[in-house]
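As a plain string of letters, each chain reads:
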Amino acid sequence: MTNATSTTPRRNSPRVVTWRWIAAVLALSQLAAPFVTQAVAGDFLKAGATNAALITPAGYAFSLWGVITVLSAATMLAVLRFGLGAWWETSVLVDASVVFAGFSVWLLVTAQGWLWVSVVVFALMVSALSHIMRLLVRRSHDMTCERWLAVLATATFGLYLGWGSVAVFANVAAALIDSRVPAAVVWWQLAVLVAATAFAVWLARMLRGTPAYVAGVLWALVAITIGAAQRGSAVLSTTTVLAAVLVLGTAVTAMRRRRI
């Protein structure tokens, strides 16, 4: 077994420290990105195809971005100061940098109306977040940092992934509408919703019902339920309620199995 003295230099190597700085700077940039983009392009998320789908979340739901970006900045500043102390920390930092840079790029391309490009960017963000959470949850025993930092990192990226794993499908719906698929047709949006639910259930199992991830998913699904109801689609709003129950049930089962 390797002792702590021999592992400390590697875990605080120049490469790791460099990536801590990169991730922290990019996390801070997320705080400014929405204001800069809105100043240049206006409130583009409330107009056009990005707000036309029946499964668009109710407007209040997007306030979660503020919570996520603040948590991301706080988490990465803490990691910059203390480190995670795991052999895979650099991998997490690289993925986190992709996510944080991707957020700003996503705002930029969406403001330009390049909605299929925005789907690709968001998908890359979700992929990176999934890898981060897999390490934080399934390799948590590798971390030698204080428990509060491990909890903070898991909560931050879990919430980010929970919201993002549903929002990416809302981006797909917007891109389809921008490609002239009728926004008022229910069946194809029901298919998108089913795909989003299946993905959320799979992640809930893989992440062993991590509460922050589940909270992010439920926030998105409840907002879609309200949004669909406001747009007069009882089928989609009812389906989304069932999706939320399924995700929650999967998470509870996964947590129980984890404790056995």
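Everything numeric in this text was worked out from a predicted model, so none of it was measured.

Colleague: Can you help me understand the overall build of the protein chain in this one?
Modeller: Within the protein chain, the regular secondary structure consists of 9 helices and 0 strands. When the helices and strands of the protein chain are placed in sequence order, the string is α-α-α-α-α-α-α-α-α. Its C-alpha radius of gyration of 19 Å places the protein chain within 12% of the 18 Å reference for a compact globule of 260 residues. Overall, the C-alpha framework of the protein chain stretches about 65 × 50 × 25 Å when taken along its three principal axes. Here the protein chain holds 260 residues, and 49% of them are scored as buried. Residue pairs in contact within the protein chain that sit at least 24 positions apart in sequence constitute 84% of those at least 6 positions apart. Element-wise, carbon and sulfur atoms account for 68% of the exposed surface of the protein chain, whose accessible area totals about 12200 Å². Of the side chains in the protein chain, 18 bear a positive and 6 a negative charge, and the two mean positions are spaced by 10 Å.

Colleague: Help me understand helix α3 (residues 64-82) in this model?
Modeller: At 3.6 residues per turn, the α-helix brings residues three or four places apart onto the same side. For α3, built from 19 residues, the straight-helix expectation of 27 Å at 1.5 Å per residue is met to within 8% by its first-to-last C-alpha distance of 27 Å. Residues of α3 that are buried include every one of Leu-64, Trp-65, Ile-68, Thr-69, Ser-72, Ala-73, Thr-75, Met-76, Ala-78 and Val-79, and no others. Just beyond α3, the residue with positive phi is Gly-83, at close to 75°.

Colleague: Quick question: what am I supposed to make of the side chain of Ser-130 here?
Modeller: Its location among the elements puts Ser-130 in helix α5 (residues 115-138). Once residues within four sequence positions are removed from consideration, Ser-130 is found in contact with Leu-161, Leu-203 and Met-206.

Colleague: Sorry if this is basic, but what is going on with the pattern of salt bridges here?
Modeller: Pairing is possible between side chains that carry opposite charge, provided their charged atoms lie close to one another. Overall, the coordinates contain 2 salt bridges when judged by the stated rule. Here Glu-89 ties to Arg-20 by a salt bridge, and the two come within 2.7 Å at their closest N and O atoms. One end of the pair, Glu-89, is in helix α4 (residues 89-111); the other, Arg-20, is in helix α2 (residues 14-41), with 69 residues separating them in the sequence. In this pair, the class of Glu-89 matches that of Arg-20, namely buried. Between Asp-142 and Arg-139 there is a salt bridge, with its nearest N and O atoms 2.8 Å apart. Residue classification places Arg-139 among the partly exposed positions, given a relative accessible area of 30%.

Colleague: Would you take a moment to explain the environment of Leu-246 for this structure?
Modeller: Along the chain, Leu-246 falls in helix α9 (residues 234-259). Measuring from C-alpha to C-alpha, the distance between Leu-246 and Ala-123 comes to 23 Å, with 123 residues separating the pair along the chain. Setting aside residues no more than four positions away along its own chain, Leu-246 makes contact with Thr-197 and Val-201.

Criteria and cut-off values
- Counting restarts for each chain: residues are numbered from 1 in the order of the written sequence.
- Local features in this predicted model are restricted to residues of pLDDT 70 or higher, and side-chain atom pairs are both shown and tallied only at a pLDDT of 80 or more, whereas totals for entire chains, interfaces and linings draw on every residue.
- The basis for every side-chain value is the complete set of heavy atoms in the structure, and neither hydrogens nor water enter the calculation.
- Only DSSP runs of H or I reaching four residues or more are called helices, and only runs of E reaching two or more are called strands; each is numbered from the N terminus.
- The reference for a compact globule is 2.2 Å times residues^0.38; the radius of gyration itself is calculated from the C-alpha atoms.
- The buried label applies to any residue whose accessible area, calculated with a 1.4 Å probe on protein chains only, is under 20% of its type's maximum; exposed applies above 50%, and partly exposed to all values in between.
- Should any heavy atoms of two residues lie within 4.5 Å, those residues are considered in contact.
- For accessible areas, the Shrake-Rupley method is used with a probe of radius 1.4 Å. Any residue's cover is judged against the shown protein chains and nothing else.
- Charge counting treats Lys and Arg as positive and Asp and Glu as negative, with His and both chain ends excluded.
- Working definition for charges: the position is that of NZ of Lys, CZ of Arg, CG of Asp or CD of Glu.
- Here the expected length of a helix is defined as 1.5 Å per residue gap, with one fewer gap than residues.
- Throughout this description, the term salt bridge denotes a Lys or Arg side-chain nitrogen within 4 Å of a carboxyl oxygen of Asp or Glu.

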